[in-house]
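# Coordinate analysis (summary)
One-letter residues, chain by chain:
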Amino acid sequence: MEIADEVRAVAEEANSTPSRVALAWTLANPTVVSPIIGARTLAQAEDNLGALDLVLTPEQLDRLNRISAPSPVFSGRFTQRPLVQQLIFGGAAVERRNFMAGR
């Protein structure tokens, strides 16, 4: 719901619709080849196609990307806790090694 709320907020700022913002956001992602629209009516299709003319600001894209970023997986969050680090390393300082150095 937080993502949908942010899409709506950006739509209001851009004087656009949430569906256009969602599609423009998708189109701004360089890994997306072609978004799929799910229009049932001509009006919805026309609204969706309006995303082609919508340019989101870098700040808007950043907000949308931040709000939709997935949470770290359980083990990553868990193992970073100080108590767990103490149990793993027993208080020993472990220096990171760069395995690619010297190659």
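Everything below is about the structure shown above.
Quick summary incoming for the structure in this document. Here the structure is a predicted model, which is why all the values come from computation and not from measurement.

A separate point is the pattern of salt bridges. Under the defined criterion, the tally for this structure stands at 6 salt bridges. Arg 8 is the partner of Asp 5 in a salt bridge, and the nearest nitrogen-oxygen pair spans 2.7 Å. One end of the pair, Asp 5, and the other, Arg 8, are both in helix α1 (residues 2-13), 3 residues apart, so they sit about a helical turn from each other. With a shortest N-O distance of 2.9 Å, Glu 13 and Arg 63 are connected by a salt bridge. Here Glu 13 is found in helix α1, whereas its partner Arg 63 is found in helix α4 (residues 58-68), with 50 residues between them in sequence.

Turning to the packing of helix α2 (residues 18-27) against helix α3 (residues 42-49), a few remarks are in order. Interhelical geometry of α2 versus α3 gives an angle of 45 degrees and a closest axis separation of 8 Å. As the angle between them shows, α2 and α3 are arranged oblique. For the pair α2 and α3, the crossing hand works out as right-handed. Along the contact surface, α2 presents Ser 19, Arg 20 and Leu 23, while α3 presents Glu 46, Asp 47 and Asn 48. Split into classes, the residues belonging to the contact of α2 with α3 amount to 1 nonpolar, 2 polar and 3 charged.

Position of Ala 9 among the secondary structure elements: in helix α1. Through-space distance from the C-alpha of Ala 9 to that of Gln 60 is 9.6 Å; in sequence the pair is 51 residues apart.

A separate point is a nonpolar patch on the surface. Side chains of Leu 27, Ile 37, Leu 49 and Leu 52 sit close together on the surface and give an oily, nonpolar patch of about 380 Å² of accessible area. Counting through the fold element by element, Leu 27 comes out in helix α2. The exposure class assigned to Leu 27 is partly exposed, which follows from its relative accessible area of 40%.

This next bit is on the nonpolar core. Judged by nonpolar contacts, Val 7, Val 10, Ala 11, Val 21, Leu 23, Ala 24, Trp 25, Ala 51, Leu 54, Leu 56 and Leu 64 together constitute the single largest core of 11 residues. Listed by contribution, the elements that provide at least two residues to this core are α1 and α2. It is α2 that provides the largest number of residues to this core, a total of 4 residues. Among all residues touching Leu 56, those that are not within four sequence positions of it are Val 10, Val 21, Ala 24, Trp 25, Leu 61 and Leu 64.

Procedures and definitions
Residues numbered from 1 in each chain as written. Predicted model: local features only at pLDDT ≥ 70, side-chain atom pairs only at ≥ 80, totals over all residues. Heavy atoms only, no water. Salt bridge = Lys/Arg side-chain N within 4 Å of Asp/Glu carboxyl O. Helix = DSSP H or I, 4+ residues; strand = E, 2+ residues; numbered from the N terminus. Axes fitted to C-alpha atoms, helices over the stretch in contact; angles between N-to-C directions. Parallel < 35°, antiparallel > 145°, perpendicular 65-115°, else oblique. Left-handed = near helix turned anticlockwise from the far one by under 90°. Contact = heavy atoms within 4.5 Å. Nonpolar A, V, L, I, M, F, W, Y, C, P; charged D, E, K, R; others polar. Patch = residues over 30% accessible without salt bridge, like charges linked within 9 Å, V, L, I, M, F, W, Y side chains within 5 Å. Areas by Shrake-Rupley, 256 points an atom, 1.4 Å probe, with all protein chains shown as cover. Buried < 20%, exposed > 50% of the residue type's maximum accessible area, 1.4 Å probe, protein only. Core = buried A, V, L, I, M, F, W, Y, C linked by side-chain atoms within 4.5 Å.

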